[in-house]
Amino acid sequence: MTRYRFTAGCVAGAAAIALVLSGCAVGTGGAAGGDDADYDPDADLSGELSVMGFSGVDEVATSRVEYAEAELGDVEVELIEGDLDIQQFLSAVASGEPPELLYADRDQIGSLAARGAIIPLERCIDGEGIEMDQFRESAVEQVTLDGEVYGIPEFNQVQVTMANADLLSAAGVTIEDVNGSDRAAMTEANKALTKSDGGSLSVIGVDSKLPEFLPLWVAAAGGSLLSDDGKTASLDSQEAIDALTWAVGIYDDQGGFSQVKAFRDSADFFGEGNQFATNVLGAMPMEQWYINVLNEVSPDAPMAFDTVRTTSGEPIAFAGGSAWAIPSGTENAAAACRWAKAMTSVDAWRAAAEARLAVREEEGKPFTGILTGNSVADEEIRGMVTSGGEPWDSGIEAMYEANDHTVSLPANPADAEFEQAMQDAVNSVLNGEATPEEALAEAQESAQKALDEGWQTLEERASE
Amino acid sequence: MTSTAIRTGGGVADRHTATPEERERNRRRASRRNVWSAMLFLSPWIVGFLVFTAWPMIYSAYLSLTDYDVINDPNFVGLENYAQMATDPKVLLALGNTAFFTLVQVPLYVVVSLALALLLDRAGRASGFFRTVFFLPKMTPPVAVGVLFLLLFNGQNGLLNTVLGWFGIDGPAWTTDPAWVKPGLILMSLWTVGASVIILLAALRNVPNELYESAKLDGAGFWRTSFSITLPMISPALFFVIIVNTIAGLQTFDEAYTAFFGAGNTTYSNDAALFYVIYLFQQAFEFLNMGYASAMAWGLFVVIMIVTAIQLIVSRRFVYYEGDR
């Protein structure tokens, strides 16, 4: 009898603990969506501002932080160290203790908005007087979901064609043959540039940078993987199939992606022994920041630069970058909004450019510019760029030209699933497991399913 | 009621002699006191188990029946997640990869561990040094092992292919060719055999010498001695190593994730390295499908339970415990 009483006691105790814990764990209620802050550019602000996801420590970051702190007056700013951990952020929002401000990649904004984790910024933009027309259209599209702006664009990233001029010359081709404007010519240039030694690759002719640059190659052919409203995937469009077939063919002509990737992985990407400096890579499209890396670690590398070009010869780049967003349930939205405005303002970017210029002059190196989501700031900073001589000046020229010709995918509520579907498709073709048609058809189905579910959830939430 | 005179150091004292009922009552009281004392000492573990193991398991079982994205309240969907698992091609792919990895890696791991333990058993004074050497890699963080894998097994410039080249062998692209990714990861997993080696070595040292001496007198050779004495006597340790490594194999994650899905491979991934727990992690922490991920976790739990149960049943025939009749 005693044993039964004891057992019953244990079970009751466990149940009680479980009950208490369940009270802790369930029913956080998700996002507190209301935004009742007063946004006024002349208001004196106070309180605390914790910022998640922003870990910039260089002069471009610190100079703007100083500027923003001055704009915020008595607000106590805390920068939470480290890159953004989405799960940590969502848990913080769900538990009712979100940071006041979030710094995220622009392609994360759609999903966060759809989940109710961040708030629309219409009141913030109007109240603080943020001049959205200064921001690049492609950047704003990436933070706009269902007609509502959820983020203030910050940095911008674009791609530039980078090539080894010596290898191009030795192979009898030019930068125009590898900038994407003529895909047949690029295929032939790749064959001419590629070299093998004893059956193993010794020079990568062209790296078409799959899977990440498929959207760029599709856009360069006039297509898009997603409709403008972010609701309809077109991963199986003819432009996508053609682009994937061609870009994979670039690898196939070099012995397959497996060979190219193994060779690429063995390179000292950020060091003196990078692929261009060691003459083992003919050409590739790459984000603009790599120009700075190359200039820094291998200033004598025989580089040639151009924009990536559409099949009709026009410059094109696929924009990426970061943005500021305000979490749901934040306690100091007014300060968060002021911070986002300050950090992305022309004045802040000017301060950043001056700080970077001073550092570069001290090092005896050229100032190669900063790309932002703010076109007015870009124009001003471009005027501050100093010459590094050729070929670097051409690289910076190409970078700014690309920045003026950006496209992007619109925000959508299933961006992670959409991207995964696209990457899975490309990877399965690269790994020889499917044809481009098969892989993209499967990707289309799963991406569209994820989009439909995401939009449906969003609509249900809106109607609650 | 009876009384007994007891002689003590100071004289004679009367002591009440308990009846059987009283003795039983006293025994129960003492027993209860012991139980409560034991519970008191065990309570930190019990609380820890309830809070950090039992409750999360119960809660994840509940979540597996919901659609849950961390931020919004769980939405009950019944068995939908389990039904989706059955039709998700990636679940089947991940299960196949995991099964292949476990079926090949565990026997290889055990054989290599045993071979090294046998060598160490005969190493004499140097045994201590080599024990440390073999165990050191076990201290290496799995993430570092994943990065190391990419360097050592690189098809173009990796150390492994360089060494194979000395013997005229053109090594494969271990890290990029889908056909060679899993064999490469299996080979790399042997890096951490140290712990199993130590366990098997301890078991080998516990085999009574008299058994070997008797066998020798009876004319038994190396193989006969190994199969009739060594293996049966260390079979409990072998069984432990097999069980633990089977479970670890079914849950393999760190090295493969770092090498093929981590920061250096944010876009390119190789389906050949998509193990079950990696896919579960992606669903949970990349797509925030916590309900589906919970269902996947319970699916894996069931698989591990079944595999372990089979191993336990089979062990009755092959594992020898000295205490058994």
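All values reported here derive from a predicted model rather than from experimental measurement.

Undergrad: Please provide a residue-by-residue account of the overall build of chain A, values included.
TA: Regarding its fold elements, chain A presents 18 helices and 14 strands. Its C-alpha radius of gyration of 25 Å places chain A within 12% of the 23 Å reference for a compact globule of 464 residues. Overall size of chain A, expressed as C-alpha extent along the three principal axes, is 85 × 60 × 45 Å. Excluding contacts between residues fewer than 6 apart, the proportion of contacts in chain A whose partners are at least 24 apart in sequence is 78%.

Undergrad: Please give an account of the UniProt feature "transmembrane region" (unreviewed entry) in chain B that cites residues and values.
TA: All names here are of chain B. In the numbering adopted here, UniProt assigns the feature "transmembrane region" (unreviewed entry) to residues 35-58, 99-120, 132-153, 184-204, 225-248 and 295-315. Annotated as 100% helix and 0% strand, the span residues 99-120 places its first and last C-alpha atoms 31 Å apart. The annotated region residues 295-315 carries 100% helix and 0% strand content, and the separation between its end C-alpha atoms amounts to 30 Å.

Undergrad: Outline the sheet that holds strand S13 (residues 320-325) of chain A, supporting the account with residue identities and numerical values.
TA: All names here are of chain A. Reading across the sheet, the five strands line up as S2-S1-S3-S13-S6 and stay open at both edges, with mixed pairing between neighbours. Strands at the two margins of the open sheet, each flanked by one partner only, are strand S2 (76-80) and strand S6 (152-157). Averaged over neighbouring strand pairs, the angle between their axes works out to 15° when direction is ignored. Summarising the sheet, S6 and S13 pair through four bridges and their orientation is antiparallel. By the bridge assignment for S13, Asn156 is matched with Gly321.

Undergrad: How would you summarise the sheet that holds strand S12 (residues 315-318) of chain A if you had to cite specific residues and measurements?
TA: Residue and element names in this part refer to chain A. Pairing within the open sheet is mixed, and its seven strands lie in the order S8-S9-S10-S7-S11-S12-S14. Pairing within the sheet leaves two strands with one partner each, and these edge strands are strand S8 (195-197) and strand S14 (406-407). Both S8 and strand S9 (residues 200-206) contribute to a ladder of three bridges, which runs antiparallel. If you follow Ser196 over to S9, its bridge partner there is Leu201. Sheet contacts for helix H8 (residues 183-193): S9 and strand S10 (281-287); angle to S9, the most-contacted strand, approximately 150°. The strands that helix H12 (residues 289-297) touches are strand S7 (159-164), S10 and strand S11 (303-309); relative to S10, the one it contacts most, it runs at about 130°.

Undergrad: Explain the domain arrangement of chain B residue by residue, including any values.
TA: Its domain assignment divides chain B into domain 1 (2-52) and domain 2 (83-318). The C-alpha centroid of domain 2 of chain B is placed 50 Å from the C-alpha centroid of domain 1 of chain B.

Parameters at a glance
Residues numbered from 1 in each chain as written. Chains lettered and ligands numbered in written order. Predicted model: local features only at pLDDT ≥ 70, side-chain atom pairs only at ≥ 80, totals over all residues. Helix = DSSP H or I, 4+ residues; strand = E, 2+ residues; numbered from the N terminus. Rg over C-alpha atoms; globule rule 2.2 N^0.38 Å. Contact = placed C-beta atoms within 7 Å. UniProt positions renumbered as here; feature names shortened; annotations may be inferred. Pairing = 2+ DSSP bridges. Axes fitted to C-alpha atoms, helices over the stretch in contact; angles between N-to-C directions. Domains from an automatic or database assignment.

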